[in-house]
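Per-entry structural report
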Amino acid sequence: MDHDENPPKGVNPNVPSIARVYDYWLGGKDNFAADREMGDRVKAAVPEMPLMAHHNRLFLRRVVRFLAGEAGIGRFLDLGAGLPTMENVHEVAQKARPEAEVVYVDNDPVALTHARALLATTGNTHVVDGDLYEPERILAEADALMGLDQPIAVMMLAMLHFMPDKDAHRIVRTVMDALPPESYLVISHIGDTPQLRKAASFYSASGTGAVLRSPERIAEFLDGLELVPPGVVPLPEWRPDESVPALDRMTGMAAICGVGRKR
């Protein structure tokens, strides 16, 4: 399908979407001219942004393998899941734990259309049309779909930097307070550098505010949780494996990640 000529119902192709810009940087095809224009403008200011997006995907794969394998987690709640790409959360988790269940949450119509199409061939995978600013409703739907009575891994990758402090902390606290002990929170977040401030200005101009935070402020989202080693670190430094080329590691240093376990 030519998405630019035939956008899904309810989608305004003239308004860029963070999920679709991210898809564009990862080499996907589910984006519009407005998304590509914004992606190119951000890339012109911060040439490393597409590679940072790639590092974020590599981190997702590593952390889900850890959670489904070593940590023994069988349920995942992916908040702000974005567009499906190769090796999604459910694909990685179910390789290690075939019975693993995943609930994807987003409110981008294109992301939802593709995620729901995924359900045609995938069991134990659910999709929720949800606004992250309404965490109580998301939790209720996730509970109905897979239950929240067992430890859950909550994924909040590249999402918190689009929320002001008050809302971001409220959402994290509401979600984690509702989950049982031994649940995990996974976050990734762009840092606060002069280069990334240029990228943030483009997002703000499009109507999507970006909040840059220092590593110390990012770590505050994990307060009260037991940090999983190596702690709050740049993306390429979280348990790197052969998928993280040594020459590319410096590019991901401006993006921070961390994993915390609820005691």
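Residues numbered from 1 in each chain as written. Predicted model: local features only at pLDDT ≥ 70, side-chain atom pairs only at ≥ 80, totals over all residues. Heavy atoms only, no water.

1. As for the pattern of salt bridges
Per the counting criterion, the structure on display carries 13 salt bridges. One salt bridge in this structure joins Arg97 and Glu99, with 3.4 Å as the shortest N-O distance. Its relative accessible area of 22% is what places Arg97 among the partly exposed residues. Taking the relative accessible area as the measure of exposure, Glu99 reaches 47% and is therefore partly exposed. Taking the shortest distance from any N to any O, the salt bridge between Arg213 and Asp165 comes out at 2.8 Å. Residue Arg213 is located in the loop between α8 (194-205) and α9 (215-219), and its partner Asp165 is located in helix α7 (residues 165-177); the two are separated by 48 residues in the primary sequence. With a relative accessible area of 0%, Arg213 lands in the buried category. Connected through salt bridges with shared partners, the residues Arg20, Asp35 and Asp108 form a single ionic network. (Salt bridge = Lys/Arg side-chain N within 4 Å of Asp/Glu carboxyl O. Buried < 20%, exposed > 50% of the residue type's maximum accessible area, 1.4 Å probe, protein only. Helix = DSSP H or I, 4+ residues; strand = E, 2+ residues; numbered from the N terminus.)

2. A look at the side chain of His161
Mapped onto the elements, His161 comes out in the loop between β4 (153-157) and α7. Engagement of the side chain of His161 in a polar contact is seen with the backbone oxygen of Ala158, the distance being 3.4 Å. (Polar contact = N/O pair within 3.5 Å; in protein donor to acceptor, adjacent residues only side chain to side chain.)

3. Some words on the nonpolar core
Judged by nonpolar contacts, the single largest core of 40 residues is most densely connected at Phe59, Val63, Val64, Leu67, Phe76, Met155 and Trp238. When residues of this core are traced back to their parent elements, those giving at least two are α1 (18-25), α2 (33-45), α3 (49-68), α4 (89-96), β2 (101-106), β4, β5 (184-190) and β8 (255-261). With 10 residues, α3 is the single largest residue contributor to this core. Apart from the residues within four sequence positions on either side, Leu67 is in contact with Gly72, Ile73, Phe76, Ala153, Met155, Tyr184 and Val186. (Core = buried A, V, L, I, M, F, W, Y, C linked by side-chain atoms within 4.5 Å. Contact = heavy atoms within 4.5 Å.)

What is shown is where atoms sit, not what they do.
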